[in-house]
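One-letter residues, chain by chain:
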Amino acid sequence: MSACAVLRRIERVSQRVADLLDRPGRLTRPVADNLIEEIETVIGGVRNLPLSKKNKRAILRHLQEAQVILRNGRLGLRAIEQLLAVVQILQLAGYKIQIKKLPCPPGKVTVFPSNRFSTICSICS
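Just so it is clear, the model here is predicted, and its values are computed rather than measured. Residue numbers run consecutively from 1 along every chain, following the written order of its sequence. Whole-chain, interface and lining totals are the exception, using all residues; otherwise, since this is a predicted model, local features are given only for residues with pLDDT of at least 70 and side-chain atom pairs are given and counted only at 80 or more. As a rule here, side-chain values cover all heavy atoms of the structure and leave hydrogens and water aside.

(A) Region of interest: the packing of helix α1 (residues 3–19) against helix α2 (residues 29–47). Lines are fitted to the C-alpha atoms to define the axes, a helix being fitted only along its stretch in contact, and any angle between axes, read from their N-to-C directions, falls within 0 to 180 degrees. Secondary structure follows DSSP: runs of H or I at least 4 residues long count as helices, runs of E at least 2 residues long count as strands, and numbering of each begins at the N terminus. At a minimum axis distance of 10 Å, the contact between α1 and α2 shows a crossing angle of 165°. With respect to α2, the axis of α1 lies roughly antiparallel. As for the relative orientation of α1 and α2, their crossing is left-handed in sense. The segment α1 lies against α2, with V6, R9, I10, V13, R16 and V17 engaging N34, L35, E38, I39, T41, V42, G45 and V46. When grouped by side-chain class, the residues that make up the contact of α1 with α2 number 8 nonpolar, 3 polar and 3 charged. Here roughly perpendicular refers to angles of 65 to 115 degrees, roughly parallel to angles under 35, roughly antiparallel to angles over 145, and oblique to all remaining angles. Crossings are assigned a handedness: left-handed for a near helix turned anticlockwise from the far helix by less than a right angle, right-handed for a clockwise turn. Note on definitions: a residue-residue contact is assigned when non-hydrogen atoms from the two residues lie within 4.5 Å. In this count, Pro and Cys sit with the nonpolar residues alongside Ala, Val, Leu, Ile, Met, Phe, Trp and Tyr, while Asp, Glu, Lys and Arg are called charged and the others, Gly among them, polar.

Shown next as structure tokens:
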């Protein structure tokens, strides 16, 4: 999984969590389990990124913290606080990946009259 794919997946998971912010009561155990699985997919993608061990461990630790918050239910937090914490953790993980300027594999070649070729994904540009 490329850095762009990992960033897009983080964005999707963040959006799913953010969608729950208007009605935090919808954060049920099955919804939390689904989010935990999606974060696990992100973790798998991060493990394959060409990062130093130190940077990779830091990002993985953050993502695992988000899983713990979702897995352990309340932890003394209200549902809205849980959701906000998870969104912030996901944003931090995405930021740490984005600032590393990892190369993205070439995308589809699109020909436009004013722009010959566009092979960079929109997140990485």
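(B) Expanded view of the packing of α1 against helix α4 (residues 79–98). Relative orientation of the contacting elements α1 and α4 amounts to 165°, with a least axis distance of 9 Å. Between α1 and α4, the angle falls in the class roughly antiparallel. The hand of the α1/α4 crossing is left-handed. Together, A3, V6, L7, I10, V13, S14, V17 and A18 of α1 and L83, V86, V87, L90, A93, G94, I97 and Q98 of α4 make up the contact between the two elements. Looking at the contact of α1 with α4 residue by residue, the classes come out as 13 nonpolar, 3 polar and no charged.

(C) Quick look at the pattern of salt bridges. A side-chain nitrogen of Lys or Arg and a carboxyl oxygen of Asp or Glu constitute a salt bridge if their distance falls within 4 Å. All told, the structure shown has 4 salt bridges when counted by the stated rule. Taking the shortest distance from any N to any O, the salt bridge between R16 and E38 comes out at 2.0 Å. You can see R16 sitting in helix α1 and its partner E38 sitting in helix α2, a full 22 residues away along the chain. Note that R29 and D33 form a salt bridge whose closest N and O atoms lie 3.3 Å from each other. Taken together, the residues span about one helical turn, with R29 and D33 both in helix α2 at a distance of 4 residues.

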